[in-house]
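Observations on the three-dimensional arrangement
For reference, the chains in residue letters:
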Amino acid sequence: MGLNFKKWLLEKLGGSAEKTKNVDIDWTEFFSLMDNAYIRELAFWTCVNKIANALSKCEFQTYMGNKPVKKMEYYLWNIEPNRNQNASAFLTKLIGMLYLKNEALVIESAGQLFVADDYQKTVYALYDYQFTGVTVDNFTFGQIFYQSDVLFFQLNSVDMRTLVNLLYSSYNDLMQYAVTAYKKSRGNRGILDIDAQAQAEDDFSETLQDLMSNYFKRFFESENAVLPLYEGYKYTELQSKTYSSESTRDIKALTDDIFDFTARAFSFPPSLAKGDVQDTEKATNELLTFCIDPLARMLEKEINRKRNGREGMQAGNYLRINTTAVKHIDVFDISTSVDKLISSGAYTINDIRRLIGESEINEDWANQHFITKNYSTIQELLESLEKPPDTA
């Protein structure tokens, strides 16, 4: 390995660049750790991408005067936040940054919304936070951004990813043991007997080295092979496997644990993280209740307080993230429920059509509320009971 890579690695780990030449790195151990880091990253980004995909299915509904409108604000959040990203790509980057760094910064420039890749934050107790060196893609803004002018999202008071990474360090030893045990259980072992006469030969060391490095190596690596031995040498293979009980199930169980820890840290159902299909509906409900809905509420509160403010909210101008579209809806499964929602006056026909992803009907009656004659107020019921029967 080159010195430049070693220097880069040590600097990333907090080492001194001047001391890199005096540090010896066990590269075998390093890359074994990297293999487990891939599992950790796979678990993390599996959860994050599914959360981002779920949130991208939500509709960012905008209201003015408590009435739904679809103007520029609606277009920004649902279609095109900026000229280089659609809404799905924008939200995926936002959620990725939020879970990766436990916070995310969104700035507005020239009427477009951007998720910052990097920035420096100066914290004040009584004044606005200040953000400098804000970088988007390969461009760094020269201005100072203040807290009141940006959208600043913070996921948790404690960075859960850091805590989970500390837990991974303990599991790394177990993963290494499981992999080593599996390799031993599938390896070839035997006993090489060498008599005294063969050991007394002048070229014994060279002969033994050649036998072990060449003959035995090719013998163990080949599917079908013959092992020629010198006089005085006898090889006996051990038939019983000392680690015969080891299997890849042990390794998979430890890998599943990593997915479980990662998912639980972010209130994400572990079964969805691992791709299990059993009880998917229950897992999806748990995802909505403890992950997507709280995340959506956090996002919309920050958006409303910065982009609408108190006066706007009092005037009925606000944004709402509708998470009902996250679950797949089969119209045949919900036909009875749709009938009750419309006949009770809770939803209009167009309300239902929006929920199931159908286009609205451009008719006045589709926006009216209907109620069957079976429903009445308690007062109307009492009056009908007290009314004398018609004797005519």
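Sequence order sets the numbering: in each chain, residues are counted from 1 along the sequence as written. This being a predicted model, a pLDDT of at least 70 is required before a residue's local features are given, and a value of 80 or more before pairs of side-chain atoms are given or counted; all residues contribute to the totals for chains, interfaces and linings. Excluded from the side-chain calculation are hydrogens and water; included are all heavy atoms of the structure.

All right, on to the nonpolar core then. We call a set of buried Ala, Val, Leu, Ile, Met, Phe, Trp, Tyr and Cys residues a nonpolar core when their side-chain atoms join them within 4.5 Å. Working definition: with a 1.4 Å probe on protein chains only, accessible area under 20% of the residue-type maximum means buried, over 50% means exposed, and in between means partly exposed. Core analysis: the largest hydrophobic core is formed by 45 residues, its most contacted members being L94 and Y99. Only heavy atoms enter the contact rule, under which two residues are in contact if any of them lie within 4.5 Å. Apart from residues no more than four positions distant in its own chain, L94 is found in contact with A104, V106, V115, F153 and L299. Counting twelve residues, the second largest nonpolar core, distinct from the first, contains F114, A116, F141 and F145.

On to unusual backbone geometry. A negative phi angle characterises most non-glycine residues, just as the trans form characterises most peptide bonds. At N66, a position not held by glycine, the phi torsion is positive, near 65 degrees. Inspection of the secondary structure puts N66 in the loop between β1 (59-64) and β2 (67-69). Backbone geometry places N102, a non-glycine residue, at a positive phi of 70 degrees. Going along the chain from the N terminus, every DSSP run of H or I of four or more residues is numbered as a helix, and every run of E of two or more is numbered as a strand. Of note, N102 is situated in the loop between α4 (87-101) and β3 (103-109).

Let's shift gears to the pattern of salt bridges. Salt bridges are identified by distance alone: a Lys or Arg side-chain nitrogen within 4 Å of an Asp or Glu carboxyl oxygen. Taken as a whole and judged by the stated rule, the model has eight salt bridges. Note that E103 and K121 form a salt bridge whose closest N and O atoms lie 3.0 Å from each other. Taken together, the residues span a long stretch of sequence, with E103 in strand β3 and K121 in strand β5 (residues 118-122) at a distance of 18 residues. With a relative accessible area of 15%, E103 lands in the buried category. Classification of K121 by relative accessible area gives partly exposed; the value is 32%. A salt bridge links R307 to E108, with the shortest nitrogen-to-oxygen separation between them at 3.1 Å. Remark: E108 occurs in strand β3 and R307 occurs in helix α10 (residues 280-307); sequence separation between them is 199 residues. Using a relative accessible area of 26% as the deciding quantity, one classes R307 as partly exposed. Members of the salt-bridge network, linked through shared partners, are E73, E108 and R307.

Multiplying 1.5 Å by the residue count of a helix minus one yields the expected span of that helix. Taking 1.5 Å of rise per residue, the 15 residues of α4 would be expected to cover 21 Å, and the 21 Å separating its terminal C-alpha atoms lies within 8% of that figure. Buried residues of α4: A87, F90, L91, K93, L94, I95, G96, M97, L98 and Y99, and no others. Definition of a polar contact: a pair of N or O atoms within 3.5 Å, with one able to donate and the other able to accept a hydrogen when the atoms are protein atoms, and with sequence-neighbouring residues admitted only if both atoms are side-chain atoms. Between the side-chain oxygen of the N-cap and the backbone nitrogen of S88 there are 3.2 Å, and the N-cap of α4 in question is N86. With its phi angle positive at about 70 degrees, N102 sits one or two positions after the end of α4.

All right, on to the packing of α4 against α10 then. Angles shown run from 0 to 180 degrees and are taken between the N-to-C directions of axes, each axis being a line fitted to C-alpha atoms and, for helices, limited to the stretch in contact. The contact between α4 and α10 brings their axes to 13 Å, and the two run at 100 degrees. When the axis of α4 is compared with that of α10, the two are roughly perpendicular. Contacts between α4 and α10 involve L94, I95, L98 and Y99 on the former and, on the latter, C291, L295, M298 and L299. Of the residues in the contact of α4 with α10, the class split is eight nonpolar, no polar and no charged. Convention used here: angles under 35 degrees read as roughly parallel, angles over 145 as roughly antiparallel, angles from 65 to 115 as roughly perpendicular, and any remaining angle as oblique. All residues other than Ala, Val, Leu, Ile, Met, Phe, Trp, Tyr, Cys, Pro, Asp, Glu, Lys and Arg, Gly among them, are scored as polar; the first ten of these are nonpolar and the last four charged.

By themselves, these are just geometric observations and shouldn't be taken as functional.
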